[in-house]
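# Structure at a glance
One-letter residues, chain by chain:
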Amino acid sequence: MGPVIGITVSIDASGRVRPNAELLFARRVYAQAVRAAGGVPLLVPPDADPADAVRVCDGFVVSGGGDLPVSFGAHAAAIANAEDAQRVAWDRRLLDGARAARRPLLGVCYGMQLLNLHAGGTLLPDIGAAIAGALDHGGDD
């Protein structure tokens, strides 16, 4: 058996994906990529204790998701695709536990941005507005 790799999930509390249902989800490609690399993919929901996840998993993929408006201060109101605050808080606790246990982390899109912010970094709310000639970064995660 290969290493168990925990994959974080997004929360759809508003019923965007399925009306009147709160769902947890991640793109299937994350699990497929972990499997293709020889790992055992395990979706880790924000209902799990982060300490338990760290004990079970050998590493983590912090998957893509919505934007992180909490990092943008005054621009937060302009962010239409905000990630669920419950997920952000849980992911931060997971990052702390994984770091303390020296578990490897891979952040993809939202995950990379969260890793950056959690380590004290900063983000630009609109790269195109801040940097002339920047590529369009409006695609999916």
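Just so we're clear, the structure is a prediction, and the values are computed from it rather than from any experiment.

The rules behind each value
- Residues numbered from 1 in each chain as written.
- Predicted model: local features only at pLDDT ≥ 70, side-chain atom pairs only at ≥ 80, totals over all residues.
- Heavy atoms only, no water.
- Helix = DSSP H or I, 4+ residues; strand = E, 2+ residues; numbered from the N terminus.
- Buried < 20%, exposed > 50% of the residue type's maximum accessible area, 1.4 Å probe, protein only.
- Contact = heavy atoms within 4.5 Å.
- Areas by Shrake-Rupley, 256 points an atom, 1.4 Å probe, with all protein chains shown as cover.
- Pairing = 2+ DSSP bridges.
- Axes fitted to C-alpha atoms, helices over the stretch in contact; angles between N-to-C directions.
- Salt bridge = Lys/Arg side-chain N within 4 Å of Asp/Glu carboxyl O.

Take the overall build of the chain next. Check the secondary structure of the chain and you find five helices and six strands. Start at the N end of the chain and walk to the C end: the helices and strands fall as β-β-β-α-β-α-β-α-β-α-α. Looking at the chain residue by residue over its 141 residues, the buried ones come to 32%. Counted over contacts in the chain with a minimum sequence separation of 6, partners at least 24 positions apart contribute 63%. Summed over its atoms, the accessible surface of the chain is roughly 8400 Å², and 55% of this surface lies on carbon and sulfur atoms.

In space, the four strands of this open sheet follow the order 4-1-5-6, with parallel pairing throughout. Single-partner strands in this sheet number two, and they are strand 4 (40–44) and strand 6 (105–107). The mean angle between the axes of side-by-side strands here comes to 25 degrees, regardless of whether they run parallel or antiparallel. By the bridge criterion, five bridges tie strand 1 (residues 4–8) to strand 4 in an arrangement that is parallel. For Ile7, the partnering residue across the bridge sits in strand 4 and is Leu43. Docked against the sheet, helix 1 (residues 28–36) engages strand 1, strand 4 and strand 5 (59–62), running at close to 150 degrees with respect to strand 4. Sitting on the sheet, helix 3 (residues 85–100) is in contact with strand 1, strand 4, strand 5 and strand 6, with an inclination near 150 degrees to strand 5.

Another aspect to go through is the pattern of salt bridges. Throughout the structure, instances matching the rule amount to three salt bridges. Two residues, Arg87 and Glu83, come together in a salt bridge whose shortest N-O distance is 3.4 Å. Taking the shortest distance from any N to any O, the salt bridge between Arg87 and Asp91 comes out at 2.9 Å. One end of the pair, Arg87, and the other, Asp91, are both in helix 3, four residues apart, so they sit about a helical turn from each other. Both residues of the pair, Arg87 and Asp91, count as buried. In this structure, a network of salt bridges that share partners links the residues Glu83, Arg87 and Asp91.

Turning to its location among the elements, Ser63 is positioned in the loop between strand 5 and helix 3. A relative accessible area of 0% places Ser63 in the buried class. Look past the residues within four positions of Ser63 in its chain and what remains in contact with it is Ile7, Thr8, Val9, Tyr30, Arg87, Val108, Tyr110 and Gly111.

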